[in-house]
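# A closer look at the structure
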Amino acid sequence: MSETVKAEKTVKTGKAPKKSWFKGFKSEFKKIVWPDKKSLVKQTTAVVSISIILGLIITFLDYVLKFGVDFLVK
């Protein structure tokens, strides 16, 4: 009977009980597969290097466009 009361409360309020939420959170957290150190270093290096390269490309395009606009305006 208590199961139906809990189910009715969940349906009425639209929220799951806190214990249920924490149990779900804990079970989902256990499913996470954390990368090993080697792959983490590799992926971090890739992200940082690509970010630097894209930053340089954007900076170069900014200077070229600025030069072009200054040329057209003056």
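Residues numbered from 1 in each chain as written. Predicted model: local features only at pLDDT ≥ 70, side-chain atom pairs only at ≥ 80, totals over all residues. Heavy atoms only, no water.

## Thoughts on the overall build of the protein
Here is the rule we go by: Numbering of helices and strands starts at the N terminus; helices are DSSP runs of H or I of at least 4 residues and strands are runs of E of at least 2. Whether a residue is buried, partly exposed or exposed follows from its accessible area with a 1.4 Å probe, protein chains only, as a fraction of its type maximum: under 20%, in between, or over 50%, in that order. Here, Shrake-Rupley sampling with a 1.4 Å probe gives the accessible areas, and only protein chains in the shown set may cover a residue.
Within the protein one finds 3 helices and 0 strands. Each helix and strand of the protein, ordered N terminal to C terminal, gives the series α-α-α. For the protein, the proportion of its 74 residues judged to be buried stands at 0%. Accessible surface, the protein as shown: approximately 7600 Å² in total, 72% of it carbon and sulfur.

## Some points on the packing of aromatic side chains
Defined as follows: The aromatic pairing rule takes the rings of Phe, Tyr and Trp, using the six-membered ring of Trp, and pairs them if the centres are within 6.5 Å, calling planes under 30 degrees apart stacked, those over 60 edge-to-face and the rest tilted.
The full count for this structure, using the stated rule, is 4 aromatic pairs. Judged by centre distance (5.5 Å) and plane angle (10 degrees), the rings of W21 and F25 are stacked. With W21 and F25 both in helix α2 (residues 18–30) and 4 residues apart, this pair spans about one turn of that helix. Ring geometry for F29 and W34: centres 6.2 Å apart, planes at 65 degrees, overall edge-to-face. Accessibility expressed as a relative area gives 59% for W34, which makes it exposed. Taken together through their ring pairs, the aromatic side chains of W21, F22, F25, F29 and W34 make up a single cluster.

## Some words on the pattern of salt bridges
Where we set the bar: The salt bridge criterion pairs a side-chain nitrogen of Lys or Arg with a carboxyl oxygen of Asp or Glu, the two atoms within 4 Å.
Counted according to the given criterion, the structure contains 1 salt bridge. Between E28 and K31 there is a salt bridge, and its shortest N-O distance comes to 3.1 Å.

## With respect to a nonpolar patch on the surface
As a reminder, the rule being used: Residues qualify for a patch when their relative accessible area is over 30% and they have no salt bridge, like charges being joined within 9 Å and the nonpolar side chains of Val, Leu, Ile, Met, Phe, Trp and Tyr within 5 Å.
A cluster of nonpolar residues, I50, I53, L54, I57, I58, F60, L61 and V64, forms a patch on the protein surface that exposes about 780 Å² of accessible area. Here L61 lies in helix α3 (residues 37–73). Assessed through its relative accessible area of 45%, L61 is described here as partly exposed.

## Thoughts on the confidence of the model for the protein
The test is simple: Confidence of the predictor at the level of single residues is captured by pLDDT, which takes values from 0 to 100.
Of the residues in the protein, 76% reach a pLDDT of 70 or more, and the chain-wide mean stands at 85. Looking across the protein, the model is least confident in helix α1 (residues 2–13), with a mean pLDDT of 55, and most confident in α3, with 96.

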